[in-house]
Structures are given as structure tokens and as C-alpha cells.
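A look at the structure
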Amino acid sequence: MEVLQPTSWGEALAAKEEHPGAVPLAGGTDLLVELNFDRRRPETIIDLTRVAELNEWSHVNGGVRLGAGVDYTRVIAELASELPGLAIASRTVGSPQIRNRGTVGGNLGTSSPAGDALPPLVASGARIELAATSGTRVVPVEEFCIAPKRNVLAPDELIAAIHMPVATGPQQFSKIGTRNAMVIAVASFALTLDPPARSVGTGIGSAGPVPLRATEAERFLEGVLDEEGLWDSRGQLSEGAVARFGQLASEASRPIDDVRGSAAYRRHSLGVMAGRTLAWAWDEYRGTL
Amino acid sequence: MGHRSYVGQSPPRREDPGLVAGAHRYVADIVVPGCLDAVFVRSFEAHGLLNAVDLAAAQSMEGIVGAYSAGELPDLPVTPAPPRAEVPPEMSWPALARDRVRFAGQPIAVVLAADRYTAEDGAELVFADIDPLEAVIDPGPAASDEVMLFEPRSNVVSVREFGAPVDDVMDSAPVVVETIIRNERLCPTSIETRGIVVVPDGDDITVHVSHQAPQRLRQSLARSFGIEAELVRVIVPHVGGAFGAKSQTYPEYIVIAHLARKLGRPVRWIEDRREAFAGATHGRGQTQRLRLAADREGNLLALEALVDADIGAYPHTGEFIAANTGWMLSGPYTIPHLHVRVRAVVTNTTPTAAYRGAGRPEAAYALERALDRLAHRLGADPAELRLRNFIDRNEFPYRSPTGAVYDSGDHAAALRLALERAGYDDARAEQRRRRTTGDGNPLGIGIGSYIERSGGQEGSTEFGSVTIEPDGTVVARSGATPQGQGHATAFAQVVASALEVELDRVSVIQGDTDEVPVGVGTFGSRSMQVGGSSLHHAAHDALEEARLRASAHLEVAEADLRYDDGRFTVVGTDRSVTLGQLATERALSAQAEFGPPQAFPFGTYVAVVELDRDTGDISLEKLVAVDDCGIVINPKLVEGQSVGSIIQGIGQALYEQVVFDEYGQPLMSSLMDYSLPTVAELPELVLDQTVTPNPNVPLGNKGAGEAGCIGTPPAIVNAIVDALGGRDEGIDLPVTPEKVWLVLSRSD
Ligand SMILES: Cc1cc2nc3c(=O)[nH]c(=O)nc-3n(C[C@H](O)[C@H](O)[C@H](O)COP(=O)(O)OP(=O)(O)OC[C@H]3O[C@@H](n4cnc5c(N)ncnc54)[C@H](O)[C@@H]3O)c2cc1C
């Protein structure tokens, strides 16, 4: 096995072009498990940890451009106010050691429906910047994952960054697992409220082949908030509306049964989480939290 | 100066500086020049005919020193069964599979190389041709013999009965509750996995191994290879946890020792975590049907338990662990009529063996769940029901209907203390308030009363010796071999107290058969009760010998000697002699192999849980543990045992379960799949104790290693069921939020 250690983004892209079968390595918290269990045996590994450009984040066009190699610990420490949904989700990832190594880019690279960073990206309409020596393209996160553990990356491409709008309102994330910490989600739900745009974003994790969006739930809630003038009045949301939102979110999921939980429980708990995250977010919006 | 005693004190653990500094050495840290690394090729089928094992590619790979299956090693011994297990010879466990594989993970071949990497690559080139056979996973269906593992022999290896059938009592009893309980399989999961290094030297072998019972392993290896035990030296370095699963002789150990002897080269094998899940033994694994009869006041009349123990593919330690369940099934209660039948059944799964509690958690859980069902049926308070049926404190020693003789006890006192520490009455009041007002989440309070059995097999002894050195220091040797418990600290306390010398003067040697040739080992909560008692006796005998010598040396009667802090002084003079001086000309040493009766520690645990009405999430708010292990030698060590054991109990109640699919494939292969509780799952823990001295040992102590994992699961599950208003359908171990939600959603 060959390990390449490029020290610049240009070198990294060139290496990927030259070795299209090579597997990139960021924090290694997914990849090393795969290698250990002998699920993969790549000929070449491209270690991206020396590429400084990947480990940076910056403001671009009023949004955040998050380098693919920024780890969870930094997302929590540096971006909690700009990307609160992602920061909340990041806090639930693994243990401190895993958060020190694991990256959002790696979570995308793995493309597991259970990846905790993905629902907040979906809820906030994140766009993924993919690069090759031949050029760069940007795809919406929902189009990035196409099946469990499969994504649209071409053999010569690397994930460069994640583009996300700066939060304009409350964001929430909730995850249910088999224990409190160090756990793969049985189901998870992310919610973004964007008051200036009067829009609602959702993301469902671990309850479908890819992270999903609960579109009907979003449209329903936007409708209620508009019709009742709640964005402006910051009035109370009816219990019925919260329940209906939960129900629509639950219906948007496409879960399966596995050792961690049944499809029925995933569907049910998603409804609960959707309702709860909405209640928290709305309370925050109303300033009563 | 007065009498020195360290009993009841908690001096700093001698083990800790090395742990904190990372200075302890475990088997995998031992460097032996020229040592070969072994990697096992394991069966990927749970059941099948092993037609051929093709080793050619592995054997010709560069760097591979050897690759072997059973065919290449005709004189490879079988895995020896522990003496107590009833194992028919045709069901013996081959060290490498021959002709047939019976569980996924069973060793089929072994590959040797100078390093692990090469050996792993070689192992990958071994091809096993296996024709799959239908697998049977559950002991119930297995007992019907539709799929057989050792045809024509039945899958039912043994049937043990206690008492006689109680159908007539059941038929006429005013109240009978029935329940079926699945006590799931668990993985012992010590941080350090198994490991062994065998170094041959002529006919001698030195075995470095992570083990609980080196003397026993030595005997067993000697017997397997037909050599004198004197030729085998077993050394146990520091051990990173064992929990019962390191007390036996494993197939891998036989293979490694065999190859080291055959090749005349050191060979080692260090298990990885994936092997530990599939290839090392599991614990628990029982299906139990209980019927409990009572009168309308709640006085117990009879208990019937039909237990099917899933002992995995080869009968081994698991065969008699199941008998422990039968033996302990009447618990701390007076039950006039009892009938227990325990069938040990083979299945196409990993063999079972001891895991902390070893049969007692299975008994306590079944009985305590049945009692709560009874309380619910009668509309009685579960605490009252227990108090009504406890064996009275004046009835000890008490002979249980299974034949166990309980040494001493005051079960009601422990229960009352646990209720008090849990704020039982207030919690019940709050529960009633929530039920009537309908606000707040469902709250439940659960009780688990238990009786332990400590000391190991009835009549088993432990070796202890005490030697006084000419410089006045004292060396204690014990057959009890620690895995992290703190023996060196506690044994030094016992010996220093008996000799009335400073604690620092006493050192403790364990875990090397050259130093301690005889001994039994550490399991069954026996080390302090049996091993500590032997050291106490040995120390006293050494002191008496010293007194004799002192009286001769100083030419006075013994009655004229005063003993203090390692020195005999002639009363009223300044003429004296020290222990060290008395050991200068002739060795001053004494030994004992004491075998006290088993002891029966006991206690009551109370759990308080709150359920999330919407998700079924279980929040363990509080766990009160009241244990009675007699006189406590070192409170800090006992606390450590309690906490660790309680956490394992929480694991069994809420998180842990080994799952196989219908083909016998293990669905857990890492610590991401097998959920152990972490520190984030710990509730508020309240530890307390009552003290009922053990009348059968000099220091009055009983075992303290396993209570937590016995008392915790029933307390927690009873609390969950209590929160669910007594509805327990589907509330099986481990109780997950999903199972709770299913009950909640059915009622809404
Ligand atoms: C103990 C433990 C606990 C965990 N807990 C959680 C959890 O709670 N929630 C959760 O979501 N995950 C969890 N994980 C999984 C893992 O930590 C996350 O998925 C993490 O985000 C992976 O990031 P990484 O940087 O370590 O990725 P790596 O392992 O380095 O890479 C992951 C994949 O992405 C690819 N990749 C990485 N960077 C790039 C790039 N720039 N371009 C293209 N492809 C790339 C790699 O080739 C690989 O296929 C856990 C893992 C462990 C070992």
C-alpha cells in the first residue's frame, strides 16, 4: 500500500488525477476502521492532513466556506453561532477523540445515511464544492449522496469545501441512539428556521438510503407561519401544527429495520424529534428560551 | 503501642501508580526474541462439514513459517473440559476443527510468521471448503433435536433437577403467576483481550498468559500434553480484566503450546477485538419458564423453573454455570416447594462460560421479575411482598430447598435500608401524584433483592503462605491471581494485621507457578474469603512458630513474652528479638490451604426510572445498592467492585446483547455494535451496606465481586415495568426505548 502525502491542494488534486483509485484520508475515523476490518484494501492512500487549505474556513459571499478537513472540535468551538445546527450535531459525534480527528468532509465522503453532520447540511441547503485538476463544480448536498455509502464524486475529484449560509434564525438537531454517547444514530432530525426568507429547512438522518428532506413538512409549516402571521407576531404555534409537522416529517422518512432499531420506531421517533426540535426552535425565536 | 490492624481501612492501592504511569506490562507487552506470531483462521459458517483446508498458498508465501489445520497436527490434544463440567467425550471441543465446524468463529487453522502482519496476510490465503448445514441458534428448538450438532447424540447435554415436581401445589394454589424470561447472551468484554506467549526450553515450557487461575491452567496443559506439571511454568503478568472468561483452557492455548513444543520456538497469540466477540466465550444465555404460586396474602407456596441454557457449540464451563442458576433459584425467600430443571443444550453459537455472576444473575433476575408479577397480581407493594417472604434472620444457617446452606443473613435489614436511601415512600407518593394528575413522565421504582454465593465450588481451598525474611520484611504468596481487583493491597492488609507489623513491610506474590506452585485462582468472588483467610491462618501460624523460637532464644516461657510490631520482648526487661532475627538461621514460614464453606452475601437494590412518554427513552435517575458482604477488609476496593459490577448490570439491563442471525452469524463484531454503557449512562449511585459477619472465616468477610451485576438488572427492569403500570409484555433484556415505546403505544 502506497501513502501519498501532498502538502498543497494542487498537489493533492494532481495525485488524485494520477491515481484515480486512490482513497483520500482526512481524520481517518471511518477509513481506518474500514482498513482494520479489511473491508477495503486500497493500493494508494492520499493523506490530506498536510493540505493547509482544507483545514480552513472563511466567509464567502455572506456564507461560510468550510474546508472539508475542518474537524468537529473546531466547528463546535469556532462556528457555533454561525452554523448552530451543524455545531449541535457535531457535539453528538463520537467522543472527544473522534471529534478531534473526524471531519465534515469525511462524513460526506463516507456518505452514510447515519452521518450526523448530514441532516444539518440538508436542512440549511448546503452546497458541496468538488474539485479536480480540470476544474470545480458545486452540487447541492441532497444530490451529493446517491445511495448508502455512495456519492457523486468522480474518480479524479476531491471534496474541497462545504458552503453554508450563515444562520439567520434558530437551528436545532436531535438524535436518538442506543445509548447517550458514542453512538450511531437510530434516527436524527435537523431543523433550520430562516426568518428573513420565511423558509423552513429540514434534514432526516438514518431513516432512508440517503439523508432526506421532509419537503411537505417544510411547506406545511411555512404555510402555517405565513397564514397566521407568526413570523412577525412571534406568537405561539398551535399544538396541532407542531403535531402535524411531526407527522409529515415522519412520513417523509424511508427507514428500514436493522439491529439498532425497527423501521416503525424510526418513523415514530422522527415525528417526536421533529415536533420537539420545532418547539425548541420556535421558543428560541419567540425569545422565551 | 496497641494492636495494629488494617482491616476496614483503605490504604492507597499498590496497583495504581503503575496503572497511572502506564508502567504495567500485559502479555502483549512481553518481548521474547525470536517469537513467532500466530493468527487463527476461523470458520465463517456456523455449522457445516469441513471438507478440506487448503494451506498450500499460505505455506508457500514468503515469510510464513508454518500453516496448520487439524490434519497437519494429528497429535494435537482436544480442549480440556473443566473438571466440574459433564462433557461426553464425543462432544469434546477440538483445538482446531476436524471434519465439522459448529460455530462461526471456531478455529480451523493457524498461521505462523515472524510478525503479525505477515501472519495475517498468510491467514488470508488459507481456503476452507465448508458445506453449510442448517444451524440452530436457540436452545428451545435445539433441544428438540431436529438439527443435531453431534448426531446421534442429543443436543441436550445434561439435565439437572432440584426438588420434585410441584404440579399439585400449582393446581391448588390461590394465585399462580407465569413468566417466560430470556436472559440474553453477553460478551465479557474485558479491555485486555486474551493473549498467550509460550516459550519452550527443552521439555520445559514457560507460558505467559492473561489468566485467572495459573495453577489450574498449568495442570490442564500438563495433562493435555502428557507431561509432568513441574515442566510447565505459568506466569500471569498484569491482567486487564477477565470477568470469568479467563479462567479456563481455550483451544487457542492448546494450539499455541503445541506448536511451541513442536517447533521448539516461542510462539504467541494476541487476540483482537473481533475474535474476542466471536471466538472467546460468552456469558448468560438462558430461556426460563417460571411458575410462582402464592396464597392471597402473598406467602409463597411453590416455585417451578424450567431452564434451557444455551451453552454454545461445545459443552464447556457453561455446562455447569447453568447448574448454579438452579442452585440459587430460591433466592433469599422461604419457598416450601420447589422444582427446578436445568437443561444444558448445545447450539451453533460461541460456547458459553463464566461471566461475572455466572448463573446467579440469571437466577436473581428470573425470581425477582416473577415476584414483581406476583405483587402486581395481588395489588401488593413489592417491598412488602419481599419482607413477607424473606428467610428470617434467626433461621441461619439456612438450608435452601436446592440444598445450599446459607451461612448468615438479615435480608429485611438490607431491604429497609435500601428503601430508606432511595426515599421509597416519597418516590411512591410522587408516582401516585403523576398518575392521578397525568403530568410529568411515567415514574417507576423497582426492587431487586438478591443472594450471592461466594467462594467458588463447595469445599474448594486456596493456597496461602507467609514467609518472614531475615531483614524483617514479609512475603505473602497466594494462589489467588488478580485481574485488577487490588489483591496486593488487600492481602498485605490481612497479613500485616495478623502479624501486627507495618503494612509496607509486607509484599505479595501471585500469578507465577514457580513462586506459588499450588492454588486455585480468582473467580466466584472467592479471593478474600478463601485466599485471604488462608493468608490469615498462615500468618498466625508463622507468628506462633516465631513465638516458640523467641521463647527458646530468650530462654523464657512464652507467657513472659510480649509481642509488638515485629518484636518479642521479655516482659519487664529490655531483652528482645525481632521476627527478622528469628528467621536468620532457619527459614520462618507457614502455609495454609483453607477451604471454608461457601458464603452467601446478599442485599437489595432499588432503581428509580423515568420514561419518556413519546420516545420510550429510559432515564435511570437513581440506583441504590445495599450490599452485605460481611466484614469489609478494604472499603475502597469493595466500592470499586460494586461500581464496576453495577455498570455491567446496567449494561445487561439496558444495552448489551449478543445477537446472531438465523444462520448463526454474529451480528456484533465491534464495540460500535455491542453497546456497553459509558460514563454518560451512569445514574446517581448510592452505595450503602449492612454487615452480617461470615461465621465460617476468621475475618468474617464474604465475597464482594459480583453482587452489582446480580442486583442491578432486576431492580432496573422492575422499575421500568412499574413505570409502565405493570405491563411487561415485550419488556425483555436489554430493555430499549423501542420496547418501552411499543408498550406505551399499545395502551394509548
Ligand atoms: C468510535 C467512533 C465513533 C463515531 N461516532 C460517530 C458519530 O457519532 N456520528 C457520525 O456521524 N460519525 C461517527 N463516526 C464516524 C466518523 O467519525 C465520521 O464519519 C467522520 O466525520 C469521518 O471523518 P474523517 O475525517 O475521520 O474521515 P476519513 O475516515 O478520513 O474519511 C472518510 C471517507 O471520506 C473520504 N474522504 C475524506 N476526505 C475527503 C475529501 N476531502 N475528498 C474526498 N473524499 C474524502 C475518505 O476517502 C473516506 O472514504 C464515528 C467513528 C468512530 C471510529
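Reading guide: rules and limits
Residues numbered from 1 in each chain as written. Chains lettered and ligands numbered in written order. Predicted model: local features only at pLDDT ≥ 70, side-chain atom pairs only at ≥ 80, totals over all residues. Helix = DSSP H or I, 4+ residues; strand = E, 2+ residues; numbered from the N terminus. Rg over C-alpha atoms; globule rule 2.2 N^0.38 Å. Buried ≥ 20, exposed ≤ 12 C-beta atoms within 10 Å, placed from the backbone. Contact = placed C-beta atoms within 7 Å. Axes fitted to C-alpha atoms, helices over the stretch in contact; angles between N-to-C directions. Parallel < 35°, antiparallel > 145°, perpendicular 65-115°, else oblique. Left-handed = near helix turned anticlockwise from the far one by under 90°. Nonpolar A, V, L, I, M, F, W, Y, C, P; charged D, E, K, R; others polar. Pairing = 2+ DSSP bridges. Near = placed C-beta within 6 Å. Domains from an automatic or database assignment. Expected span 1.5 Å × (residues − 1).

Looking at the overall build of chain B
A tally of helices and strands in chain B yields 19 helices and 28 strands. By the compact-globule yardstick of 27 Å for 748 residues, chain B fits well, its C-alpha radius of gyration being 27 Å. Out of the 748 residues in chain B, the part that is buried amounts to 56%. In chain B, once contacts between residues fewer than 6 apart in sequence are set aside, the share between residues at least 24 apart is 81%.

Here we look at the packing of helix 10 (residues 360-378) of chain B against helix 18 (residues 707-723) of chain B
Residues and elements named next belong to chain B. Running from N to C, helix 10 and helix 18 cross one another at 25°; their axes reach a closest spacing of 8 Å. The pairing of helix 10 with helix 18 is recorded here as roughly parallel in orientation. Judged by the sense of rotation from one axis to the other, the crossing of helix 10 with helix 18 is right-handed. Where helix 10 abuts helix 18, its residues Arg360, Pro361, Ala364, Tyr365, Glu368, Arg369 and Asp372 lie against Cys709, Ile710, Gly711, Pro713, Pro714, Val717, Asn718 and Val721. Along the lines of polarity and charge, the residues of the contact of helix 10 with helix 18 split into 9 nonpolar, 2 polar and 4 charged.

As for the pairing of strand 4 (residues 57-60) of chain A
All names here are of chain A. With 4 bridges joining them, strand 4 and strand 5 (residues 63-67) adopt antiparallel strand pairing. Bridge assignment links Val60 to a residue of strand 5, and that residue is Gly63. Linkage of strand 4 to strand 5, two consecutive antiparallel strands, is achieved through a turn of 2 residues, within which Asn61 is found at a positive phi near 50°.

Some thoughts on the site of the ligand
All names here are of chain A. The environment of the ligand is made up of 29 residues, and the closest members are Ala26, Gly27, Gly94, Gly106 and Gly109. At the level of secondary structure, the elements contributing two or more residues to the shell around the ligand comprise strand 2 (23-25), helix 2 (31-36), helix 5 (96-101), helix 6 (104-110) and strand 10 (158-165). The greatest single-element share of the shell around the ligand, amounting to 5 residues, is contributed by helix 6. Considering only residue class, the shell around the ligand consists of 14 nonpolar, 12 polar and 3 charged.

Observations regarding unusual backbone geometry
Residue Pro152 of chain B is reached from Glu151 of chain B by a cis peptide bond, and omega for that bond is 10°. Within the secondary structure, Pro152 of chain B is located in the loop between helix 4 (139-143) and strand 7 (156-163). Here the bond from Phe396 of chain B into Pro397 of chain B is cis, since omega is -5°, no more than 30 degrees from zero. A positive phi angle, near 50°, is found at Arg234 of chain A, a position not held by glycine. Considering the arrangement of structural elements, one finds Arg234 of chain A in the loop between helix 10 (230-233) and helix 11 (239-252). Even without being a glycine, Asp145 of chain B presents a positive backbone phi close to 65°. When you line up the elements, Asp145 of chain B lands in the loop between helix 4 and strand 7. C-beta crowding within 10 Å serves as the criterion here: with 16 such atoms nearby, Asp145 of chain B is assigned to the partly exposed category.

A look at the domain arrangement of chain B
Residues and elements named next belong to chain B. Taken domain by domain, chain B holds domain 1 (16-23 + 457-594), domain 2 (32-133 + 190-242 + 246-278) and domain 3 (283-454 + 598-747). The centre of domain 2, based on its C-alpha atoms, is set 37 Å off from the matching centre of domain 3. Taken together, the 21 residues of domain 2 in the interface contact 22 residues of domain 3. Taken together, the residues of the side of domain 2 that touches domain 3 break down into 11 nonpolar, 5 polar and 5 charged.

Focus on the pairing of strand 10 (residues 204-209) of chain B
Residue and element names in this part refer to chain B. Counting buried positions along strand 10 yields 5 of 6 residues, so the element is predominantly enclosed. Across 6 bridges, strand 9 (residues 195-201) lies against strand 10 in antiparallel orientation. Paired with Pro200 across the strands is Ile205, a residue of strand 10. Hairpin geometry of strand 9 and strand 10 is characterised by an intervening segment of 2 residues between the two adjacent antiparallel strands and by a positive phi of about 60° at Gly202.

Quick word on helix 13 (residues 424-437) of chain B
Residues and elements named next belong to chain B. Under the 1.5 Å per step criterion, the end-to-end length of helix 13 is 20 Å for 14 residues, consistent within 8% with the ideal 20 Å. Taking burial as the measure, the 14 residues of helix 13 include 1 buried ones, a minor fraction of the element. Looking one or two places after helix 13, you find Gly438, whose phi comes out positive at around 75°.

Points about the sheet that holds strand 8 (residues 175-186) of chain B
All names here are of chain B. Taken together, the 5 strands give an open sheet; going across it, the order is 7-15-14-13-8, and neighbouring strands pair in mixed fashion. In the strand order of this sheet, the two ends are held by strand 7 and strand 8, each with one partner. Pairs of neighbouring strands in the sheet enclose a mean axial angle of 10°, with direction left out of account. The sheet contacts of helix 9 (residues 317-328) involve strand 7, strand 13 (283-294), strand 14 (300-310) and strand 15 (337-345), and relative to strand 15 the element is tilted by about 165°.

Points about the environment of Thr281 of chain B
Residues and elements named next belong to chain B. Relative to the helices and strands, Thr281 resides in the loop between helix 8 (273-278) and strand 13. For Thr281, a count of 26 C-beta atoms within 10 Å translates into the label buried. Sequence separation between Thr281 and Glu621 is 340 residues, and the spatial gap between their C-alpha atoms is 33 Å. Not counting chain neighbours up to four residues away, the residues in contact with Thr281 comprise Ala245, Thr350, Pro351, Thr352 and Ala353.

Regarding the packing of helix 11 (residues 382-389) of chain B against helix 12 (residues 411-422) of chain B
In a pair of packed helices, the angle between the axes and the distance between the axes together describe the arrangement. All names here are of chain B. Put simply, helix 11 and helix 12 touch, their axes get as near as 10 Å, and they point 165° apart. In terms of orientation, helix 11 and helix 12 fall into the roughly antiparallel class. Both helix 11 and helix 12 take part in a crossing whose hand is left-handed. From helix 11, Ala383, Arg386 and Leu387 reach across to helix 12, where they touch Ala412, Leu415 and Leu419. The residue makeup of the contact of helix 11 with helix 12, split by class, is 5 nonpolar, no polar and 1 charged.

Focus: the environment of Arg377 of chain B
Residue and element names in this part refer to chain B. Looking at the secondary structure, you find Arg377 in helix 10. A count of 15 C-beta atoms within 10 Å places Arg377 in the partly exposed class. For the pair formed by Arg377 and Gly726, sequence separation is 349 residues and the distance between their alpha carbons is 9.0 Å. Setting aside residues no more than four positions away along its own chain, Arg377 makes contact with Val175 and Val177.

With respect to the sheet that holds strand 19 (residues 462-468) of chain B
All names here are of chain B. Taken in spatial order, the 4 strands make up an open sheet running 21-20-19-25, and their pairing is mixed. Where the open sheet ends on each side, the last strands, each with one partner, are strand 21 (506-510) and strand 25 (588-594). Across this sheet, the average inter-strand angle for adjacent strands is 15°, counted without regard to direction. Summarising the sheet, strand 19 and strand 25 pair through 7 bridges and their orientation is antiparallel. Paired with Val466 across the two strands is Ala590, which belongs to strand 25. Lying on the sheet, helix 14 (residues 487-499) is in contact with strand 19, strand 20 (474-478) and strand 21; it crosses strand 21 at an angle near 130°. Contacts from helix 15 (residues 527-554) reach strand 19, strand 20 and strand 25 within the one sheet, and its direction differs from that of strand 25 by about 145°.

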